[in-house]
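# Notes for the structure review
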Amino acid sequence: MEVDVTKVMILLQRRYNALRETGRLTKELEEAIARNDEVSTIMLLQMRAEELAKVEQCMEEIWQLGESGREAHEKLTALVTSDLGESVGGNQEEEKVYEIRRRTQIILDQLRQADQKLNRKLAGKKSYYNAKELVGKKHESIVI
């Protein structure tokens, strides 16, 4: 059975919209943290979690589309995970899927940077990112 590329496109667009909203909420979160506004910070974190749950739900629905058979799964995997630098659609809908994925990747990169900045600001030396760097440096010294 063939994959419904239109449905994939719609779900990827929903995911993109939820990630954009997550980005907007992240900016508001940065402002709330800068003001030391704990109530707003908690509320914004909850709102972000809701948007990220929507992102996850979209991906679950997308992967369910590939459960109808091996051919559908392979087509879906190519649409959703292929290298964006090399991907070209076979038709207009597939091209739109890759365009949405490219825009989504930009949003994801921006969100990662903002989250990393917030994490380091709030956690300081205990930041996940600092700990990760320290582990890498310790590992490097062992190798040398």
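Residues numbered from 1 in each chain as written. Predicted model: local features only at pLDDT ≥ 70, side-chain atom pairs only at ≥ 80, totals over all residues. Heavy atoms only, no water.

A complete count under the given rule lists nine salt bridges for this structure. A salt bridge links glutamate 21 to arginine 24; the shortest N-O distance between them is 2.4 Å. Within this pair, glutamate 21 and its partner arginine 24 are both found in helix H1 (residues 5-34), separated by three residues, close to a single helical turn. Using a relative accessible area of 24% as the deciding quantity, one classes glutamate 21 as partly exposed. Here arginine 24 falls in the partly exposed class, since its relative accessible area comes to 38%. Between glutamate 99 and lysine 96 there is a salt bridge whose closest N-O contact spans 3.6 Å. On the criterion of helical spacing, the pair formed by glutamate 99 and lysine 96 is a turn pair, its members being three residues apart in helix H4 (residues 92-123). (Salt bridge = Lys/Arg side-chain N within 4 Å of Asp/Glu carboxyl O. Helix = DSSP H or I, 4+ residues; strand = E, 2+ residues; numbered from the N terminus. Buried < 20%, exposed > 50% of the residue type's maximum accessible area, 1.4 Å probe, protein only.)

The subject of this paragraph is unusual backbone geometry. With a phi angle near 60°, asparagine 36 is a residue other than glycine that sits in the positive phi range. Tracing the sequence through the fold places asparagine 36 in the loop between H1 and helix H2 (38-65).

Two elements in contact, H1 and H4, have axes whose closest approach is 9 Å; the angle formed by their N-to-C orientations is 20°. As judged from the angle between their axes, H1 and H4 are roughly parallel. For H1 against H4, the interelement crossing comes out left-handed. Here the residues of the contact of H1 with H4 sort into 17 nonpolar, six polar and eleven charged. (Axes fitted to C-alpha atoms, helices over the stretch in contact; angles between N-to-C directions. Parallel < 35°, antiparallel > 145°, perpendicular 65-115°, else oblique. Left-handed = near helix turned anticlockwise from the far one by under 90°. Nonpolar A, V, L, I, M, F, W, Y, C, P; charged D, E, K, R; others polar.)

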